Amino acid sequence: MSSPGPVERVPLKVVPMFIDEQVIELPDDAPPLAPEQAEPAPRRPRPWVGALAITLGLAAAIVQVVAITTASDGGFEAGIVLGYLAIIIAIAAVIAGIAAIIVRRGRRTGVIGIVIGLVANPLLLLVILRFFAGAQG
């Protein structure tokens, strides 16, 4: 057998090396980075779903007030239709608030929209008022 000599031949394995948090300082006279080289700023999610929940909750409250005043003036049929519309809009506000919390698009505004939607719901308001009327007498 022959000996391999002074240099032994072995296969080389190339392993990539990753360096985290490397800071590269550019000289003052360096040209600015191209747009494709610059890192984009992280975008915050827009809270439009939570704003929709608040808007729907306020719309339900307004429709409920209009329904009550319409029914008080003698337009019972129109008041009933507006009352049902207020219930549907209030339920939509609660659903939009829950969706805002789940998809993280305006969590705080979603919670506010849920509260307004629950308070503006005529059925829930009726239960609350009956409870307090029973506690009074």
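Residues numbered from 1 in each chain as written. Predicted model: local features only at pLDDT ≥ 70, side-chain atom pairs only at ≥ 80, totals over all residues. Heavy atoms only, no water.

A. Expanded view of the packing of helix α1 (residues 48–72) against helix α2 (residues 76–103). Viewed as axis vectors pointing N to C, α1 and α2 meet at an angle of 165°, and their least axial separation amounts to 8 Å. Judged by the angle between their axes, α1 and α2 are roughly antiparallel. Between α1 and α2 the crossing geometry is left-handed. (Axes fitted to C-alpha atoms, helices over the stretch in contact; angles between N-to-C directions. Helix = DSSP H or I, 4+ residues; strand = E, 2+ residues; numbered from the N terminus. Parallel < 35°, antiparallel > 145°, perpendicular 65-115°, else oblique. Left-handed = near helix turned anticlockwise from the far one by under 90°.)

B. Expanded view of the packing of aromatic side chains. Using the criterion set out here, one finds one aromatic pair in the structure. Seen in terms of ring centroids, Phe131 and Phe132 are 5.4 Å apart; in terms of plane orientation they differ by 65°. Their pairing is edge-to-face. (Phe/Tyr/Trp six-rings, centres within 6.5 Å; stacked < 30°, edge-to-face > 60°.)

C. Layout of helix α4 (residues 122–136). In a regular helix each residue adds 1.5 Å, so 15 residues correspond to 21 Å; α4 covers 21 Å between its end C-alpha atoms and thus fits that length. Sparse coverage of α4 is indicated by the burial of one of its 15 residues. The N-terminus of α4 is capped by Asn121, whose side-chain oxygen sits 3.2 Å from the backbone nitrogen of Leu123. (Expected span 1.5 Å × (residues − 1). Buried < 20%, exposed > 50% of the residue type's maximum accessible area, 1.4 Å probe, protein only. Polar contact = N/O pair within 3.5 Å; in protein donor to acceptor, adjacent residues only side chain to side chain.)

D. Here's a closer look at the confidence of the model for the protein. Averaged over all residues, the pLDDT of the protein is 81; the fraction at 70 or higher stands at 69%. Element-level mean pLDDT values for the protein span from 85 in α4 up to 95 in α2. (pLDDT = per-residue confidence, 0-100.)

E. Highlighting the nonpolar core. If you look at the biggest cluster of nonpolar residues, it comprises six residues: Ala60, Val63, Ala86, Ile89, Ala90 and Ala120. Sorting the residues of this core by element identifies α1 and α2 as the ones contributing at least two each. Looking at which element gives the most residues to this core, the answer is α2, with three residues. In contact with Ala90, not counting residues within four places along its chain, are Ala60, Gly117, Ala120 and Asn121. (Core = buried A, V, L, I, M, F, W, Y, C linked by side-chain atoms within 4.5 Å. Contact = heavy atoms within 4.5 Å.)

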